[in-house]
Amino acid sequence: MSDNGEPKPEEDSAPSQHIDAEALLKLAREKTVSSRNRLAEAMVDLFSARGRVLTERERTLMVDILKRVLREIEHSVRKRISNDLAERSDAPHALISFLANEDIDISFPILSQSRVLQDADLIEVIRNRTFEHQLAIAVRFEVSPQVSAALVQSGDATVITELLRNPDARISAATMDYLVEQSRRVDTFQEPILRRRDLPPDVAKRMFMWVSAALRKYIVTQFDLDPDSVDDLLEKAAHDGIETTLDERGPQPAAVLADTLFRKGDINAELLISSLHDGEVALFIELFARMSGMRPALVQRMLFEPGGEGLAIACKALDFSREDFSVLFLLSRQARPTGVGSLRETHVQVMEVFDRIALDDARRVLRRWQRDQDYLKALLSLESEASAPTLVFGRPASSRPFRRQPKES
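Okay, so let's go over this structure. Numbers given to residues run from 1 along each chain, matching the order in which its sequence is written. At least 70 in pLDDT is required for a residue's local features to be given in this predicted model, at least 80 for side-chain atom pairs to be given and counted, and no such filter applies to totals for whole chains, interfaces and linings, which use all residues. Water and hydrogen atoms were dropped before computing side-chain values, which therefore reflect all heavy atoms in the structure.

This part is about the side chain of Ser-326. Secondary structure elements follow DSSP: runs of H or I no shorter than four residues count as helices, runs of E no shorter than two count as strands, and numbering proceeds from the N terminus. Tracing the backbone through its elements, the reader meets Ser-326 in helix H21 (residues 322-332). Ser-326 sits in the buried class, given a relative accessible area of 15%. Only heavy atoms enter the contact rule, under which two residues are in contact if any of them lie within 4.5 Å. The contacts of Ser-326, once residues within four sequence positions are left out, are His-347 and Met-351. Classification of residues uses two cut-offs on accessible area relative to the type maximum, computed with a 1.4 Å probe and protein chains only: under 20% is buried, over 50% is exposed, and between them is partly exposed.

So this is what it looks like as structure tokens:
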């Protein structure tokens, strides 16, 4: 009742009339666990305004106060608030955006879970905050193609790998094409790319040329490829894609180094073996191309063909020792998949080819390869001159393509 006996009007329960920033700040300065819990609960209740709909002015006022209070309170309280708000779809956008830019142990639940954040908010965090912030976004419950592209542009291999492992990340075809090409040199990209449910089969087959033996076996199994299909795949990829790729890339460091070494006369079997042993496949291709006079595209094709006959002929034509060729062949086979023939059996067969072919025949074939890129035709042409069975590209042929070396008297 009022002093004149009339009933008091019901107090307006609008939050804007009951927000007491100083009281919240005072509560924030208390050091007890109880005060911190009360503060966190009060702040979450304050912004959510349970039981009534807030006006835009009231929401703006509360967010301003909350942001000011957040700067004053302890780290542990901000973490609790971030955890409480991360899954709330009704949380104020301005407050969520503020928390997203806090230290990572505060912002992580917001970045990884909040549906309030928009693509523009996430991209801004990617560009302006830390590696840890990027990683939190990479593992979000949902990542749009635009955000995925921004994460890839960050250039951090760990972030990109986590993005690829995230089944809820959508990656555009253009971004995926870029990552597939990058997987030639960044091994950690290969497995998560191949295990993505949205990976087109043609992309997986394209990667067959450069992934590890274990992943090649995975591709063969996952896409149900038989050995003949594998051989055809290698041959077609080499014929259709490698020359274009090498021509379009322009001068590469390996090519520049190979030119320098060739001019100095420093390319030999020992250097070729060393480059393969160190995993410098691109350098090996360029060095072998300079030494043999063949185009790099043909050398790369020869390096990955199943049987190894082409490599045997080229090394014989270059007068490699038997021991050097054996080591070179075994190093080159590290890139071959398991399950496409026994390495021991293939090694025995290709060494027989190396021993059997006459030096003049090997040099004649090499001269043809220097002029003509039709690799298979040259092998078949040589085959037609002999009579005993052998293997061509890992498959039985009707006649042996190489003459025996004459025995020394």
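Picking up where we left off.
Another point: the side chain of Ser-275. Tracing the sequence through the fold places Ser-275 in helix H17 (residues 269-277). Other than its neighbours up to four places away in sequence, Ser-275 contacts Glu-280, Leu-283, Phe-284 and Leu-287.

Turning next to the packing of aromatic side chains. For Phe, Tyr and Trp, where Trp contributes only its six-membered ring, two rings pair if their centres lie within 6.5 Å, and the inter-plane angle classes them as stacked under 30 degrees, edge-to-face over 60, or tilted in between. Scanning the model with the defined rule gives four aromatic pairs in all. In this structure an aromatic cluster arises from ring pairing among Phe-284, Phe-288 and Phe-320. Lysine NZ or arginine CZ positioned within 6 Å of the ring centre and within 35 degrees of the ring normal marks a charge as sitting over the ring. Taking the ring centre of Phe-354 as reference, the NZ or CZ of Lys-316 above it sits at 4.8 Å.

Attention shifts here to the nonpolar core. Within the largest apolar cluster, 49 residues are counted, with the highest numbers of intra-cluster contacts made by Leu-151 and Ile-193. Broken down by element, the residue count for this core peaks at five residues, all from helix H5 (residues 93-100). Apart from residues no more than four positions distant in its own chain, Leu-151 is found in contact with Ile-126, Gln-134, Ile-137, Ala-138, Val-143, Val-159, Ile-160 and Leu-163. One finds Ala-254, Leu-287, Ala-314 and Cys-315 within the second-largest nonpolar core, a separate group that totals 41 residues. Nine residue types can take part in a nonpolar core, namely buried Ala, Val, Leu, Ile, Met, Phe, Trp, Tyr and Cys, and a core is a set of them joined through side-chain atoms within 4.5 Å.

Negative phi is the rule for most residues except glycine; trans is the rule for most peptide bonds. For Asp-319, which is not a glycine, the phi torsion comes out positive at approximately 65 degrees. Inspection of the secondary structure puts Asp-319 in the loop between helix H20 (309-317) and H21.

On to H21. All of the buried residues along H21 are Phe-325, Ser-326, Leu-328, Phe-329, Leu-331 and Ser-332. Here the buried face of H21 lies against H17, helix H18 (281-292), helix H19 (296-304), H20 and helix H22 (343-356).

This brings us to the packing of H21 against H22. Only C-alpha atoms enter the line fits that serve as axes; for helices the fit covers just the stretch in contact. Angles between N-to-C directions range over 0 to 180 degrees. Two elements in contact, H21 and H22, have axes separated by 11 Å at closest approach and are oriented at 145 degrees. As for the relative orientation of H21 and H22, their crossing is right-handed in sense. Counting all contacts with H21, which are made through Arg-322, Phe-325, Ser-326, Phe-329 and Leu-330, the residues of H22 involved are Leu-343, Thr-346, His-347, Val-350, Met-351, Phe-354 and Asp-355. Looking at the contact of H21 with H22, its residues break down into seven nonpolar, three polar and two charged. Note: crossing handedness is left-handed where the near helix turns anticlockwise from the far helix by less than a right angle, and right-handed where it turns clockwise. The nonpolar class holds Ala, Val, Leu, Ile, Met, Phe, Trp, Tyr, Cys and Pro. Asp, Glu, Lys and Arg form the charged class, and all remaining residues, Gly among them, are polar.

Within the secondary structure, Asp-355 sits in helix H22. Asp-355 sits in the partly exposed class, given a relative accessible area of 33%. When the C-alpha atoms of Asp-355 and Arg-322 are compared, they prove to be 7.8 Å apart, with 33 residues separating the residues in sequence.

This part takes up the packing of H17 against H18. How two helices pack is summed up by the angle between their axes together with the distance between the axes. Where H17 meets H18, the closest approach of the two axes is 8 Å, and the angle between their N-to-C directions is 160 degrees. It follows from the interaxial angle that H17 and H18 lie roughly antiparallel. Judged by the sense of rotation from one axis to the other, the crossing of H17 with H18 is left-handed. Side by side, H17 and H18 meet where Ala-269, Leu-271, Leu-272, Ser-275 and Leu-276 of the first sit next to Val-281, Leu-283, Phe-284, Leu-287, Phe-288 and Met-291 of the second. By residue class, the composition of the contact of H17 with H18 is ten nonpolar, one polar and no charged. Throughout this description, any angle smaller than 35 degrees is read as roughly parallel, any larger than 145 degrees as roughly antiparallel, any in the 65 to 115 degree range as roughly perpendicular, and the remainder as oblique.

Treat this as a map of the structure, not an account of what it does.
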